[in-house]
Amino acid sequence: MSKQIYIKQTPAKGMGVFAGEDIKSGELIEKCYLIKVDTPQEHLGNIYDYVFNYPQGGKFQFLVLPLGGGCVYNHDDNNNAIWETSKEPMHFDYIAVKDIKKDEEICTHYGDFYWNHMADRKPGMKKVTN
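Conventions used here
- Residues numbered from 1 in each chain as written.
- Predicted model: local features only at pLDDT ≥ 70, side-chain atom pairs only at ≥ 80, totals over all residues.
- Heavy atoms only, no water.
- Helix = DSSP H or I, 4+ residues; strand = E, 2+ residues; numbered from the N terminus.
- Buried < 20%, exposed > 50% of the residue type's maximum accessible area, 1.4 Å probe, protein only.
- Contact = heavy atoms within 4.5 Å.
- Areas by Shrake-Rupley, 256 points an atom, 1.4 Å probe, with all protein chains shown as cover.
- Pairing = 2+ DSSP bridges.
- Axes fitted to C-alpha atoms, helices over the stretch in contact; angles between N-to-C directions.
- Core = buried A, V, L, I, M, F, W, Y, C linked by side-chain atoms within 4.5 Å.
- Polar contact = N/O pair within 3.5 Å; in protein donor to acceptor, adjacent residues only side chain to side chain.

1. Details of the overall build of the chain
Inference 1: In terms of regular secondary structure, the chain is built from one helix and nine strands.
Inference 2: The N-to-C order of helical and strand elements in the chain reads β-β-β-β-β-β-β-β-β-α.
Inference 3: Looking at the 130 residues of the chain, the share that counts as buried comes to 41%.
Inference 4: Residue pairs at least 24 apart in sequence account for 67% of intrachain contacts in the chain once pairs closer than 6 positions are excluded.
Inference 5: When the accessible surface of the chain is summed, it comes to about 7700 Å², and 53% of that surface belongs to carbon and sulfur atoms.

Here is the structure:
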């Protein structure tokens, strides 16, 4: 993991990814290698909370588990980063969509489908945004 980011406990969201230095909008934050998940979705248990559809935004092929900080970025409705399928196969690129200050949490937007699905899986879970 680069010195540009670090992982620490957040007040309300568990672990999160934070900026180790100022990051400019449009800058690549992290490129994460992806591990293909062959386990059926219904047998993933809590790991299901950390897997992603691949490719992102395209026709679903399979689930993946991002390495690095990839599965630790938290959600925010006012996200300061996005993830997209990298040009390099089996990688996601995490990119700043706003200027991010040193020690600020870096958050992506999971999408409405995620929260609707989570409400069914974990009825007591609350969506926390900044």
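What follows continues from the structure just given.
2. Points about the sheet that holds strand β5 (residues 62-66)
Inference 1: One open sheet holds the five strands; their spatial order is β4-β5-β3-β8-β7, and the pairing between them is antiparallel. Looking along the sheet, the strands with just one partner apiece sit at the ends: β4 (52-54) and β7 (81-85). Direction aside, neighbouring strands of the sheet carry axes that sit 40 degrees apart on average.
Inference 2: Of the pairings in the sheet, the one linking strand β3 (residues 28-37) to strand β8 (residues 91-96) comprises five bridges and is antiparallel in character. Bridge pairing in β8 links K31 to D93.

3. Observations concerning the sheet that holds strand β9 (residues 105-108)
Inference 1: Taken in spatial order, the four strands of this open sheet run β1-β2-β9-β6, and their pairing is mixed. Edge positions in the sheet fall to β1 (5-9) and β6 (74-75), since each has one partner strand and no second.
Inference 2: Bridge analysis of strand β2 (residues 15-19) against β9 gives two bridges, and the strand direction is antiparallel. Each residue of the ladder has a partner; that of F18, found in β9, is E105.

4. What about the environment of G16?
Inference 1: Along the chain, G16 turns up in strand β2.
Inference 2: Along the sequence, G16 and Y6 sit 10 residues apart, while their C-alpha atoms lie 8.4 Å from each other.
Inference 3: Ignoring sequence-local partners within four residues, the contact set of G16 consists of Y6, I7, K8, T10, V72, N74 and E105.

5. Thoughts on the nonpolar core
Soluble, globular proteins show a tendency: their nonpolar side chains are buried together.
Inference 1: Membership of the largest hydrophobic core comes to 21 residues, with the highest contact counts inside it found for I29, V64, F92, Y94 and I106.
Inference 2: Broken down by secondary-structure element, the contributors of at least two residues to this core are β2, β3, β4, β5, β7 and β8.
Inference 3: With residues up to four places along the chain from it excluded, the contact list for I106 reads I5, V17, F18, A19, I23, I29, Y73, N74, N80, A81 and I100.
Inference 4: Among the nonpolar cores identified, the runner-up in size contains five residues, and L44, Y48, V51 and L63 belong to it.

6. Quick word on the pairing of β9
Inference 1: Residues of β9 alternate between two faces, with E105 and C107 on one and I106 and T108 on the opposite face, all of them buried.
Inference 2: In this sheet, β9 lies alongside β6 in parallel orientation, the contact comprising two bridges. Across the sheet, N74 pairs through a bridge with C107, a residue of β9.

7. Some points on the environment of D99
Inference 1: Tracing the backbone shows D99 in the loop between β8 and β9.
Inference 2: Separated by 19 residues in sequence, D99 and N80 place their C-alpha atoms 7.5 Å apart.
Inference 3: At a separation of 2.8 Å, a polar atom in the side chain of D99 contacts the main-chain amide nitrogen of S25.

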